[in-house]
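# Architecture and fold: a report
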Amino acid sequence: MQSLLWSDQYRMFVDYNFREHRQRPYTSATSLYPLWAGLATPDEAKAMVEKTLPLLEMPGGIVSSTEASRGPVSEEHPPYQWDYPNGWAPHQMLVWSGLDQYGYGKIAQRVAYRWLYTIARNAADYNGTIPEKFDVVRRTHAVFAEYGNVGTKFSYITREGFGWMNASFQVGLTLLSDTLREKLESLVPPEDIFGK
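Cut-off values and rules
Residues numbered from 1 in each chain as written. Predicted model: local features only at pLDDT ≥ 70, side-chain atom pairs only at ≥ 80, totals over all residues. Heavy atoms only, no water. Helix = DSSP H or I, 4+ residues; strand = E, 2+ residues; numbered from the N terminus. Buried < 20%, exposed > 50% of the residue type's maximum accessible area, 1.4 Å probe, protein only. Polar contact = N/O pair within 3.5 Å; in protein donor to acceptor, adjacent residues only side chain to side chain. Contact = heavy atoms within 4.5 Å. Expected span 1.5 Å × (residues − 1). Phe/Tyr/Trp six-rings, centres within 6.5 Å; stacked < 30°, edge-to-face > 60°. Salt bridge = Lys/Arg side-chain N within 4 Å of Asp/Glu carboxyl O.

## What about the side chain of Ser69?
Relative to the helices and strands, Ser69 is located in helix H4 (residues 67-70). The exposure class of Ser69 is buried, given its relative accessible area of 18%. Separated by 3.0 Å, the side chains of Ser69 and Thr66 make a polar contact. When neighbours within four sequence positions are excluded, Ser69 is seen to be in contact with Pro25, Tyr26 and Thr27.

What follows is the structure in structure tokens.
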């Protein structure tokens, strides 16, 4: 993994094309998974926190991929649900865990707060709706890529929400300080706490 996937040029783990025997720089939430797996060196972790995380951290959480990596939307390349601007619960939890594991607990709290605020704000605004994914750029449940978003049409939403979304909220709460939990309960936007 170190020899094939770590890129000194991009200062992050990238995809590798086995047919062409070359790295493919595609920035996605999975670029940060080596933190969760404990496979990054401390220097690599620092580089990813400084370079990769800012590319993926959006107002509502960690985005599945960057807009640049996804590329322009066209008829040949329609929007897919696991691409920019969407965020998914498993990505969030793995990134938080990785950041925390490498000593970036305060950053993990900030990123978790963004996601939890997105969930709470949408639930408050839409009668408790908990969808399967969010547009984390606009912080909305209105996702119309590929299969759309189960829960966008409220008649199809499950009353209990989605397991991984519910789990991400519970896991995220364990990361927050008492002060951040209080701010979340009052629906204080992340930018009012952490800045842009």
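## A few points about the side chain of Ser31
Structurally, the position occupied by Ser31 is in the loop between strand S4 (22-24) and helix H2 (33-37). According to the relative accessible area criterion, Ser31 is buried, its value standing at 3%. In this view, Ser31 contacts Met12, Phe13, Tyr26, Met48 and Thr52; residues no more than four positions away in its chain are not counted.

## Regarding helix H6 (residues 105-125)
Spacing of three or four residues puts side chains on the same side of an α-helix, whose turn is 3.6 residues. With 21 residues, H6 ought to run about 30 Å at 1.5 Å a step, and its terminal C-alpha atoms sit 30 Å apart, in line with that. Burial runs high along H6: 16 of the 21 residues are buried. Looking one or two residues past H6, Asn127 carries a phi angle of roughly 55°, positive in sign.

## Description of the packing of aromatic side chains
Across all of its chains, the model carries eight aromatic pairs by this definition. Taken together, a centroid distance of 5.0 Å and an interplanar angle of 70° make the contact between Trp6 and Phe13 edge-to-face. Each member of the pair, Trp6 as well as Phe13, carries the same accessibility label: buried. Ring geometry for Trp115 against Phe134: centres 5.6 Å apart, planes inclined by 85°, an arrangement best described as edge-to-face. Taken together, the positions of Trp115 in helix H6 and Phe134 in strand S8 (residues 133-135) put the pair 19 residues apart, joining distant regions of the chain. Trp115 sits in the buried class, given a relative accessible area of 0%. Given a relative accessible area of 0%, Phe134 falls into the buried group. Joined through ring pairs, the aromatic side chains of Trp82, Trp88 and Trp164 make up one cluster.

## Examining the pattern of salt bridges
In the structure shown here, the tally under the stated rule is 12 salt bridges. Residue Arg22 is joined to Glu20 by a salt bridge in which the shortest nitrogen-to-oxygen separation is 2.6 Å. We classify Arg22 as partly exposed; its relative accessible area is 45%. Of the residues examined, Glu20 reaches a relative accessible area of 46% and is grouped as partly exposed.

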